[in-house]
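The residues making up each chain are set out below.
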Amino acid sequence: MAFIPEPISRFFHRTASPPHFYALANRLIPWLSVLLVLGLAYGLYGGLYLAPADYQQGDSYRIIYIHVPAAWMSLFVYVVMAIMGGIALIWRMKLAEVMLISSAPIGAGFTFIALVTGSLWGKPMWGAWWVWDARLTSELILLFLYLGIISLYGAIEDKRSASRAVSILALVGVVNIPIIHYSVEWWNTLHQGATVSKLDKPSIHISMLIPLLTMAVAFKLYYAVAVLQAAKLELIKREPSAQWVKNLLETSA
Amino acid sequence: MSLTAAFFAIIRRDLLLAFRRRAEMANPLFFFVLVVTLFPLAVGAQPNLLQTMAPGVVWVSALLAALLSLDGMFRSDFEDGSLEQMLLSAQSLPVLVLGKVVAHWLVTGLPLLVIAPLLALFLGLPERAMPTLWLTLLLATPVLSLIGAIGVALTVGLRRGGMILSLLVLPLYVPVLIFASSAVDRAAGGLPVSAQINILLSMLLAAAVVTPLPTAAALRMSVN
């Protein structure tokens, strides 16, 4: 730990203690929620009302303001879970375990939203609810990976062991996601190419891009609020008889 | 005892145990043959249809047979306590795990290789695709055992881990299935398959090096 500056490591250790984290989450959630509402309001207004219609797809392209941020988040949350899994395995930090397992249902939700909105968009555009396209298939497999983590955690009764099990599984999964993605890509592809991430010249107009990025930030904020709420609950469930939980009950009563 | 000696001792022990229970060894094989037999009964016996589907059918059945046989990999050792002895031994656990996976593959994976060309004949797969089918099974079924070992190690402590095991392991099998069946498919059409074979080979090497580590970590979790 010699490479890490003292204030940072102190912050790290303080945040890792459940009562501190609980208090920090309580302070953060209102601010994040306000930002979330603002971002969501602007993103939806900009995306559904201000942005012009697409010259080919008409108004039905507007589903990207939900679909694309959800698909980005489905990958982002999995990577966060894998990082938390690594921290949990290396430093045995309880908070990382709690964050990992609290993230899983939210990530699965984002994956599901991405699949459903993609399928709704695919019906008018491709003429089918579901096609065996590369990105759809790898997103579906990602959903299975999430479900595997959730059900493995549910099946092991001792929650410390269960946390270690899902940490290992999340790390194995994150190594496999690129392999799965590229193998499926090679297997079959119909999905339209990436429009935003081409750094030199994105093929999306700036008036459509800004609401999209706002929505992406709003989705990140939603994830932050949801995962903090879930982690608060999980912490209390894990240590129902801890002193800080008793203090909490007394002050709120 | 040196590490190499321990590695071979584990393989020898597991093979010996398997040969003492020969009836169990045949089960994945029968399952493989049965699943392949179900396909013509379900989709109809048109030769053209079966021939197109043959690479996929053989590979999906092989994958299911491998999945079914996984559960036995650590089960009896877990129940009689010899797994704990392995964890406590002075030897490196990932190497011992690799030994167990190799023994498991020799018992459950290798027989699939022997019977698969026969089943491919049933389905009318062109003869020129046989060497490729055989090669993909040789390279890819060990990958299935290696990846599957992680799932088994995670679920060995559970009373009913079977369903969860398939949920954990099947998504990770997707790349193997894609490359293996596409290699056989291309070979049946007379196209070159060296790219697929090379990828399967690299998967095998990577899996042999990497997967024993999470498997060992998962075993430590399950036993304690």
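Each value, and the rule that gives it
- Residues numbered from 1 in each chain as written.
- Chains lettered and ligands numbered in written order.
- Predicted model: local features only at pLDDT ≥ 70, side-chain atom pairs only at ≥ 80, totals over all residues.
- Heavy atoms only, no water.
- Helix = DSSP H or I, 4+ residues; strand = E, 2+ residues; numbered from the N terminus.
- Buried < 20%, exposed > 50% of the residue type's maximum accessible area, 1.4 Å probe, protein only.
- Contact = heavy atoms within 4.5 Å.
- Areas by Shrake-Rupley, 256 points an atom, 1.4 Å probe, with all protein chains shown as cover.
- Rg over C-alpha atoms; globule rule 2.2 N^0.38 Å.
- Core = buried A, V, L, I, M, F, W, Y, C linked by side-chain atoms within 4.5 Å.
- Axes fitted to C-alpha atoms, helices over the stretch in contact; angles between N-to-C directions.
- Parallel < 35°, antiparallel > 145°, perpendicular 65-115°, else oblique.
- Left-handed = near helix turned anticlockwise from the far one by under 90°.
- Nonpolar A, V, L, I, M, F, W, Y, C, P; charged D, E, K, R; others polar.
- Buried area = accessible area lost by both parts, 1.4 Å probe.
- Polar contact = N/O pair within 3.5 Å; in protein donor to acceptor, adjacent residues only side chain to side chain.
- Patch = residues over 30% accessible without salt bridge, like charges linked within 9 Å, V, L, I, M, F, W, Y side chains within 5 Å.
- Salt bridge = Lys/Arg side-chain N within 4 Å of Asp/Glu carboxyl O.
- pLDDT = per-residue confidence, 0-100.
- Expected span 1.5 Å × (residues − 1).
- Arc of directions from axis to C-beta.
- Bend = angle between axes of the 7 residues up to and from the residue.

**Section: the overall build of chain A**
Within chain A, the regular secondary structure consists of 8 helices and 0 strands. Moving toward the C terminus, one meets the helices and strands of chain A in the order α-α-α-α-α-α-α-α. Oriented by its inertia axes, the alpha-carbon framework of chain A measures out at about 60 × 40 × 40 Å. Within chain A, the fraction of its 253 residues that count as buried is 46%. Counted over contacts in chain A with a minimum sequence separation of 6, partners at least 24 positions apart contribute 77%. Split by element, the accessible area of chain A, about 13,400 Å² in all, is 70% carbon and sulfur.

**Examining the overall build of chain B**
If you tally the helices and strands in chain B, you get 11 helices and 0 strands. Helices and strands in chain B line up, N terminus first, as α-α-α-α-α-α-α-α-α-α-α. The C-alpha atoms of chain B give 18 Å as radius of gyration, which agrees with the globular expectation for 224 residues (17 Å, within 12%). In chain B, buried positions account for 51% of the 224 residues. If you sum the accessible surface of chain B, you get close to 10,200 Å²; carbon and sulfur atoms cover 69% of it.

**Here's the deal with the nonpolar core**
In this structure, Ile149(A), Leu152(A), Phe32(B), Trp59(B), Phe74(B), Leu133(B) and Leu154(B) are the most contacted members of the largest nonpolar core, which totals 139 residues. Per element, the largest residue contribution to this core is 14 residues, and it comes from helix H8 (residues 130–155) of chain B. Excluding its chain neighbours within four sequence positions, the residues that come into contact with Leu154(B) are Leu152(A), Ile156(A), Ala165(A), Ile168(A), Leu169(A), Leu168(B), Ala218(B), Met221(B) and Ser222(B). With 6 residues, the next largest nonpolar core counts Ala134(A), Ile180(A), Val184(A) and Val174(B) among its residues.

**Remarks on the packing of helix H3 (residues 64–91) of chain A against helix H6 (residues 159–187) of chain A**
Residue and element names in this part refer to chain A. At a minimum axis separation of 8 Å, H3 and H6 run at an interaxial angle of 130°. By the criterion of interaxial angle, the relationship of H3 to H6 is oblique. Two packed elements cross with a definite hand, and for H3 against H6 that hand is left-handed. Contacts between H3 and H6 involve Leu75, Tyr78, Val79, Met81, Ala82, Gly85, Gly86, Ala88 and Leu89 from the first element and Arg164, Ser167, Ile168, Leu169, Ala170, Leu171, Gly173, Val174 and Ile177 from the second. Partitioned by chemical class, the residues of the contact of H3 with H6 number 13 nonpolar, 4 polar and 1 charged.

**Things to note about the interface of chain B and chain A**
Contacts between the two partners involve 21 residues from chain B, matched on the other side by 22 residues from chain A. Both sides together, the interface formed by chain B and chain A hides about 1,900 Å², and carbon and sulfur atoms give 85% of it. Linking chain B with chain A are 0 residue pairs in polar contact (both at pLDDT 80 or more), by the criterion used here. Each residue belonging to the side of chain B that touches chain A can be placed in one class, and the counts come to 19 nonpolar, 2 polar and no charged.

**A closer look at the packing of helix H7 (residues 110–122) of chain B against H8(B)**
Residue and element names in this part refer to chain B. Taken N-terminus to C-terminus, the directions of H7 and H8 make an angle of 145°; their axes are 10 Å apart at the nearest point. As H7 runs across H8, the sense of the crossing is right-handed. Contacts between H7 and H8 involve Leu112, Leu113, Ala116, Pro117, Ala120 and Leu121 from the first element and Met130, Leu133, Trp134, Leu137, Leu138 and Thr141 from the second.

**Thoughts on a nonpolar patch on the surface**
Residues and elements named next belong to chain A. Together, Tyr42, Tyr45, Tyr49, Leu50, Ile206 and Ile210 make up a nonpolar patch on the protein surface, roughly 660 Å² of accessible area in all. When residues of the nonpolar patch are traced back to their parent elements, those giving at least two are helix H2 (18–50) and helix H7 (206–238). Sorting elements by how many residues they give to the nonpolar patch places H2 first, with 4 residues. Here Ile206 falls in the exposed class, since its relative accessible area comes to 51%.

**Observations concerning the side chain of Ser102(A)**
All names here are of chain A. Its place among the elements puts Ser102 in helix H4 (residues 94–126). Looking at Ser102, its side chain comes within polar contact range of the main-chain oxygen of Val98, at 2.6 Å. For Ser102, the residues in contact, after removing those within four places along its chain, are Val227, Ala230, Ala231 and Glu234.

**Let's talk about the pattern of salt bridges**
In total, this model carries 9 salt bridges over all chains according to the counting rule given. Close ionic contact of Asp14(B) with Arg13(B) constitutes a salt bridge, the shortest N to O distance being 2.8 Å. For Arg13(B), a relative accessible area of 27% corresponds to the partly exposed category. The network of salt bridges with shared partners includes Glu97(A), Arg160(A), Glu234(A) and Arg238(A).

**Let's talk about the confidence of the model for chain B**
The predicted structure's coordinates, where accompanied by low pLDDT, should not be read in detail. Mean pLDDT over chain B stands at 89; residues scoring 70 or higher make up 100%. Predicted complex, confidence summary: ipTM 0.86, pTM 0.87.

**Quick word on helix H10 (residues 194–210) of chain B**
Here H10(B) spans 24 Å end to end across 17 residues, near enough to the 24 Å set by a 1.5 Å rise per residue. Here H10(B) has its buried residues at Gln196(B), Ile197(B), Leu200(B), Met203(B), Leu204(B) and Ala207(B). Taken around the axis of H10(B), the buried residues stretch over an arc of 120°, which confines them to a single face. The outward face of H10(B), more than 90 degrees from its buried face, is lined by the exposed residues Leu205(B) and Val209(B). On the buried face of H10(B), the contacting elements are H6 of chain A together with H8, helix H9 (162–188) and helix H11 (212–223) of chain B.

**Quick word on H2(A)**
Residue and element names in this part refer to chain A. For H2, with 33 residues, the first-to-last C-alpha span of 44 Å sits near the 48 Å given by 1.5 Å per residue. The largest bend along H2 measures about 30° and falls at Leu28, with the proline Pro30 one to four residues further on. Along H2, the residues classified as buried are Pro18, Phe21, Tyr22, Ala25, Ile29, Leu32, Leu36, Gly39, Gly43, Gly46 and Gly47. Buried positions along H2 lie against helix H1 (6–16), H3, H4, H7 and helix H8 (243–252).

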